[in-house]
Structures are given as C-alpha cells and as structure tokens.
There are 2 protein chains.
Amino acid sequence: MRITTVGLDADDTLWHNEGIFRLTQDRFVALMAHLADPQDLMAKLRDVEKRNLRLYGYGVKGFTLSMIETAMELTGNEAPSRLIAEILAAGREMLTHPVEPLPGVEQALADLAQDYRLVLITKGDLLHQEQKLAASGLGELFVAVEIVSEKDAGTYERVFARHGAGAARAAMCGNSMRSDILPALEAGAYAAYVPYELVWEHEVADAPENHPRFTELSSLAELPAWLRALT
Amino acid sequence: MRITTVGLDADDTLWHNEGIFRLTQDRFVALMAHLADPQDLMAKLRDVEKRNLRLYGYGVKGFTLSMIETAMELTGNEAPSRLIAEILAAGREMLTHPVEPLPGVEQALADLAQDYRLVLITKGDLLHQEQKLAASGLGELFVAVEIVSEKDAGTYERVFARHGAGAARAAMCGNSMRSDILPALEAGAYAAYVPYELVWEHEVADAPENHPRFTELSSLAELPAWLRALT
C-alpha cells in the first residue's frame, strides 16, 4: 500500500518551540525571584496553564496571560506593574522570535515533497503558526496547512481524507506521542516519532509496543528512507 | 448560473460580538476612570490594538493583552495590580460569554442548508470560534468551517474552490464591507451585506456602486429569497 500523504507537526518537529517557552519561563522566574520561590512559581504556572487550556488553547498569547495571572495570584494581586510590563514584553518577543528549521529538516522535506503530498498539521494560534511557517522558508514545500484546535483520531481522519487517499495511505511525523503519534495510529495512519530534547509535560505519553505502523526516528532526516521502505 | 455554496461570516452576522467588546471597553473605561480621561483612554486603546494587530491577530486574547498594555502605558507602568486582575477577568468573561444566534438566523440557515453547502468563514481565534459555533447550536448546519487569518480575494477563491464549484457559483454573506463583501466580489462571488448595529472601526469601507453581484439586506432572513431569485 503506497503512502500518498505525509502529515508533519510544526513546533519542535520542524523548528524549536519548547526551548523558547523554557527560556521565557526562566526569565519569568528571574523576574519573580524576589517575590516567589522558583519551585512554587513553576508549580503555580503549570496549574494556571492547565486550568486555562480549555479557555485559551495553545499558544503564546494564552501563555502570556497565564504568566500574568500567575504573578497576580502569587502576590495576592500585588505584583509590581513593571513586572507585568516585562511579562508583556517577553510574550511579544516570543511572537517575533526568529524561526529556523531544525538541522536536516529542509533537505528531508525537499526530498519528501517529490514523492508525497506534505501537509502541515499543528495546534496553536492560527496567525502565529502561519507567521512561523512563512518565516521558516518551508511554506512552499507543503500542499496544505491545517491548524487545528485538537489533535485526535477524528482530526487525522478528516485531514488525510481531505488531502490524499485517507489515513490508511498516510503517515504522520511529530515529536508528541500524545498528539502526533497515538491518535494518528488510532486513525489508521503510519506514524514516525521524532523526539525533541524537551517535551511539554502536557504532551507526555507512553510509546506503543510493537505496533506495525509505528517507528521512532532520531531525526527527520531518517523519515524519507523509512517511508520508502514501507512500499 | 446556479449558486452551490454559501459562505457566512460568524461574529455579528450569526451572533453578537462587537457588542460584547463594547461592553468590555465600557468596563475598562470605568476601571480606569480615576487614572485616565475616557476619550484619551479609548484613543490609546485603539492605537495599541492597531499596533498589535499584526502580532496578536483578531480575538479576545489579543484584545485582553492590548487592554493591559494600554493601562500600563497610560500610567507609566504604574497601573494598580488589582486593575490588571480585573482586566484579566473581563477577558475571561468574554471567552465564556453565552452565544445566542441573532433573530431569524437559525431559521434562515436551516432553510439554506437544504439547497446550498453552507461554509462558515471567519477570522479570529481558532479555539474560541470553534467554541462559539458549538455553543450556538448552529454547527450541524455547516458542511465546513474555515477559520482564516485574513479575508482577502485569494482566501475566498481557495475556500469556494475547496467547498463547491468555485467563487463564480458561490455567495458570501456578512456584516463587514471590508472583509466579507469587497474581497468576495473581487474573487468573483456574489455578496450580501447584512449590516450590524455596530461596526469595528477597522472594518469600515464604502459599499460598491451598482455592482451586479451585490446586495444589501436588512436581515439574514432575507438571504434565502435573494439567492433563489438569482437562479
């Protein structure tokens, strides 16, 4: 069965993302150092993010609002205003951070684009994801971009039906076991897990055991060979 | 030439939106009353929103960040923290505000859905727009939902090609001359303008003169009759 469509996650699969969130978190810890213990601060931020996820969804704007809310809650609504201004600035910098493809990504995608329909499938903020794709210089290699609010089996079924011959003839590649791999396998697609050095806690899940349509690769550069060996 | 696909804008076409923003702005003015003149505050907020539009895009989260930024700038970074907490709460309330279809909308859509493919075409925050559609109870009437970062002629060409027989056999209906009507006409589609009582300044534009594919209706309830008369 020939694969016709390859779905690719964006953040931390094609370019760095979690690292930028971590840098901003470090900056947040430093800004709050005189007001809160780093451990307490991070635990509180995780709680606030989790609580806000259904309302704010994924992305920098919601993260910025969650940092401000965390600062307010940890200080009994007495966070210094300059601190709020610094958090706003940190959020804006995340939105304008340069986007550079991870090593080997550009070549792997150029190779894949010759034989497969490439579809970018990503969660997060619509405008920001489009801006990152444009800034990455990789936009021309994709036949479609699907920015979705949730990545579940139904999402992959719909996307692979729309851009190819259905999930059974598609493969998904990404760094999140929970969002990219497990639901794509459930939909009937092949799935290649390419772990990133950092994982957002919310995205952690166990790898499938001995699944015939699953593989783990150490880099996106190995994806073309794996796909071609399937045929 | 028979129309096959009808595109519909969401905010202020299917349900109230600008009214909710105005209520929040009024609350913001009241919160800032002891710190800023209402006129100056609104002028400043418009400037900040405009400056942030390319970075934050459309939607409640960006609007909330812009209110916080406005408060900081007008007070020389000395806005009281309780005020920031109030702005955060106002933003969250906008995100959970109940969504009720405008009068006549449900019946008009149910009627249209029998003869046309209905596609929701809207700007704004992906998650929040999906949540509003679900809350409105209108979701089942649409064959597709397209949440886009910009509404230009190219957007309408792509969407009407994907969900029908192209723009020449499609009609767009919405309350924004600038975003719903002019670019849809430019793409070759029919367009029905249904003005809402309030218009966001950014969306104002002149109506086309004597355009053969354009009409202005006083309510969405008039849309089915207009479309059927075109055939």
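Treat the numbers as computed from the prediction; the structure is a model and nothing was measured.

Asker: Could you clarify how one ought to interpret the overall build of chain A in this entry?
Answerer: Along its length, chain A carries 9 helices and 6 strands. Here the C-alpha atoms of chain A give a radius of gyration of 19 Å, agreeing with the 17 Å that 2.2 N^0.38 yields for 231 residues. Residues classed as buried in chain A amount to 56% of the 231 residues present. Within chain A, residue pairs in contact and separated by at least 24 positions form 70% of the contacts whose partners lie at least 6 positions apart. Surface summary for chain A: the accessible area is close to 10000 Å², and the carbon and sulfur share equals 49%.

Asker: What's the story with the relation of the copies chain A and chain B in this structure? I'm lost.
Answerer: Look at the two chain copies: a rotation about an axis and a shift along it is all it takes to match them. Mapping chain A onto chain B leaves a residual RMSD of 0.0 Å; the transformation is a rotation of 180° accompanied by 0.0 Å of translation along its axis. Given the turn and translation reported, the copies of this chain are related as if by a two-fold rotation axis. Looking at the interface residues of chain A, 97% of them are also at the interface in chain B, so both copies use one shared face.

Asker: What is the right way to look at the sheet that holds strand 6 (residues 214-216) of chain B in this model?
Answerer: Consider a sheet: its strands pair through backbone hydrogen bonds, and that pairing is either parallel or antiparallel. Residues and elements named next belong to chain B. The sheet built from 6 strands is open, its strands ordered 3-2-1-4-5-6 with parallel pairing. A single partner strand is all that each edge strand has here, and the edge strands are strand 3 (144-147) and strand 6. Taking each pair of neighbouring strands and ignoring which way they run, the sheet shows an average axis angle of 20°. Of the strands in this sheet, strand 1 (5-8), strand 4 (170-174), strand 5 (190-193) and strand 6 touch helix 9 (residues 223-230), which is tilted by about 155° from strand 5.

Asker: Where do I start with the sheet that holds strand 6 (residues 214-216) of chain A in this structure?
Answerer: All names here are of chain A. Pairing is parallel in the open sheet, where 6 strands are placed in the order 3-2-1-4-5-6. Looking along the sheet, the strands with just one partner apiece sit at the ends: strand 3 (144-147) and strand 6. In this sheet, neighbouring strand axes are inclined to one another by 20° on average, regardless of whether the strands run parallel or antiparallel. Note that strand 2 (residues 117-122) and strand 3 share 4 bridges and pair parallel. Along strand 3, the bridge assignment pairs Leu120 with Val145.

Asker: Explain the interface of chain A and chain B here, please?
Answerer: A common way to state how big an interface is: give the accessible area lost once the parts meet. Counting residues at the interface gives 36 residues for chain A, matched by 36 residues for chain B. In total, about 3100 Å² of surface goes out of reach between chain A and chain B, with carbon and sulfur atoms giving 61% of it. Put simply, chain A and chain B have 14 residue pairs in polar contact (both at pLDDT 80 or more) between them. Elements with a contribution of two residues or more to the side of chain A that touches chain B: helix 2 (38-56), helix 3 (60-74), helix 4 (81-95) and helix 6 (126-136) of chain A. Of the residues in the side of chain A that touches chain B, the class split is 15 nonpolar, 12 polar and 9 charged.

Asker: Sorry if this is basic, but what is going on with the nonpolar core here?
Answerer: Membership of the largest hydrophobic core comes to 52 residues, with the highest contact counts inside it found for Ile68 of chain A together with Ile68 of chain B. Within the residue set of this core, elements represented by two or more residues are helix 1 (18-31), helix 2, helix 3 and helix 4 of chain A together with helix 1 (18-31), helix 2 (38-56), helix 3 (60-74) and helix 4 (81-95) of chain B. Look past the residues within four positions of Ile68 of chain B in its chain and what remains in contact with it is Leu65, Ile68, Ile84 and Leu88 of chain A together with Ile84, Ile87 and Leu88 of chain B.

Asker: Where do I start with the packing of helix 3 of chain A against helix 4 of chain A in this structure?
Answerer: Any two packed helices are characterised by how steeply their axes cross, that is the angle between the axes, and by the distance between the axes. Residue and element names in this part refer to chain A. At a closest axis distance of 9 Å, the pairing of helix 3 and helix 4 adopts a crossing angle of 160°. Considering the angle they form, helix 3 stands roughly antiparallel to helix 4. Crossing of helix 3 against helix 4: the hand is right-handed. Residues Val60, Phe63, Thr64, Met67, Ile68, Ala71 and Met72 of helix 3 form the contact with helix 4, whose own contacting residues are Leu83, Ile84, Ile87, Leu88, Gly91, Met94 and Leu95. Class assignment for the residues of the contact of helix 3 with helix 4 results in 12 nonpolar, 2 polar and no charged.

Asker: I would appreciate a short explanation of the pattern of salt bridges in the present structure.
Answerer: Note that side chains of opposite charge can pair when their charged atoms are close. According to the stated counting rule, one finds 28 salt bridges over all chains in the structure shown. Across the salt bridge formed by Glu69 of chain A and Arg51 of chain A, the nearest N and O atoms sit 2.4 Å from each other. Highlighted residues: Glu69 of chain A in helix 3 and Arg51 of chain A in helix 2, separated in sequence by 18 residues. On the basis of relative accessibility, which here comes to 46%, the residue Arg51 of chain A falls in the partly exposed class. The closest approach of N and O atoms between Asp180 of chain B and Lys151 of chain B, which form a salt bridge, is 2.7 Å. On the criterion of sequence distance, the pair formed by Asp180 of chain B in helix 8 (residues 177-187) and Lys151 of chain B in the loop between strand 3 and helix 7 (153-162) is long-range, its members being 29 residues apart. Overlapping salt bridges bring together Lys44, Arg51, Glu69 and Glu73 of chain A together with Arg92 of chain B as one network.

Asker: Mind showing me how you'd approach helix 7 of chain B here?
Answerer: Residues separated by three or four positions in an α-helix point in the same direction, a consequence of the helix having 3.6 residues per turn. Residue and element names in this part refer to chain B. Listed in full, the buried residues belonging to helix 7 are Ala153, Thr155, Tyr156, Val159 and Phe160. Taken around the axis of helix 7, the buried residues stretch over an arc of 155°, which confines them to a single face. Of the residues one or two after helix 7, Gly164 is the one with positive phi, at around 160°.

Asker: I'm lost on the side chain of His163 of chain B in this one. Help?
Answerer: Within the secondary structure, His163 of chain B sits in the loop between helix 7 and strand 4. Beyond its immediate sequence surroundings of up to four residues, His163 of chain B is in contact with Arg162 of chain A together with Thr5, Arg117, Val119, Ala144 and Glu146 of chain B.

Asker: Would you mind showing me how to read the domain arrangement of chain A here?
Answerer: Residues and elements named next belong to chain A. Taken domain by domain, chain A consists of domain 1 (5-15 + 100-230) and domain 2 (18-95). The straight-line distance from the C-alpha centre of domain 1 to that of domain 2 is 29 Å. With 14 residues of domain 1 at the contact, the number on the domain 2 side is 11 residues. Between domain 1 and domain 2, a total of about 1100 Å² is buried, with carbon and sulfur atoms accounting for 56% of that surface. Among the residues of domain 1 in contact with domain 2, His128, Leu198 and Trp200 are the three that bury the most area, contributing 46% of the side total.

What counts as what
- Residues numbered from 1 in each chain as written.
- Chains lettered and ligands numbered in written order.
- Predicted model: local features only at pLDDT ≥ 70, side-chain atom pairs only at ≥ 80, totals over all residues.
- Heavy atoms only, no water.
- Helix = DSSP H or I, 4+ residues; strand = E, 2+ residues; numbered from the N terminus.
- Rg over C-alpha atoms; globule rule 2.2 N^0.38 Å.
- Buried < 20%, exposed > 50% of the residue type's maximum accessible area, 1.4 Å probe, protein only.
- Contact = heavy atoms within 4.5 Å.
- Areas by Shrake-Rupley, 256 points an atom, 1.4 Å probe, with all protein chains shown as cover.
- Least-squares fit on C-alpha atoms with pLDDT ≥ 70 in both.
- Pairing = 2+ DSSP bridges.
- Axes fitted to C-alpha atoms, helices over the stretch in contact; angles between N-to-C directions.
- Buried area = accessible area lost by both parts, 1.4 Å probe.
- Polar contact = N/O pair within 3.5 Å; in protein donor to acceptor, adjacent residues only side chain to side chain.
- Nonpolar A, V, L, I, M, F, W, Y, C, P; charged D, E, K, R; others polar.
- Core = buried A, V, L, I, M, F, W, Y, C linked by side-chain atoms within 4.5 Å.
- Parallel < 35°, antiparallel > 145°, perpendicular 65-115°, else oblique.
- Left-handed = near helix turned anticlockwise from the far one by under 90°.
- Salt bridge = Lys/Arg side-chain N within 4 Å of Asp/Glu carboxyl O.
- Arc of directions from axis to C-beta.
- Domains from an automatic or database assignment.

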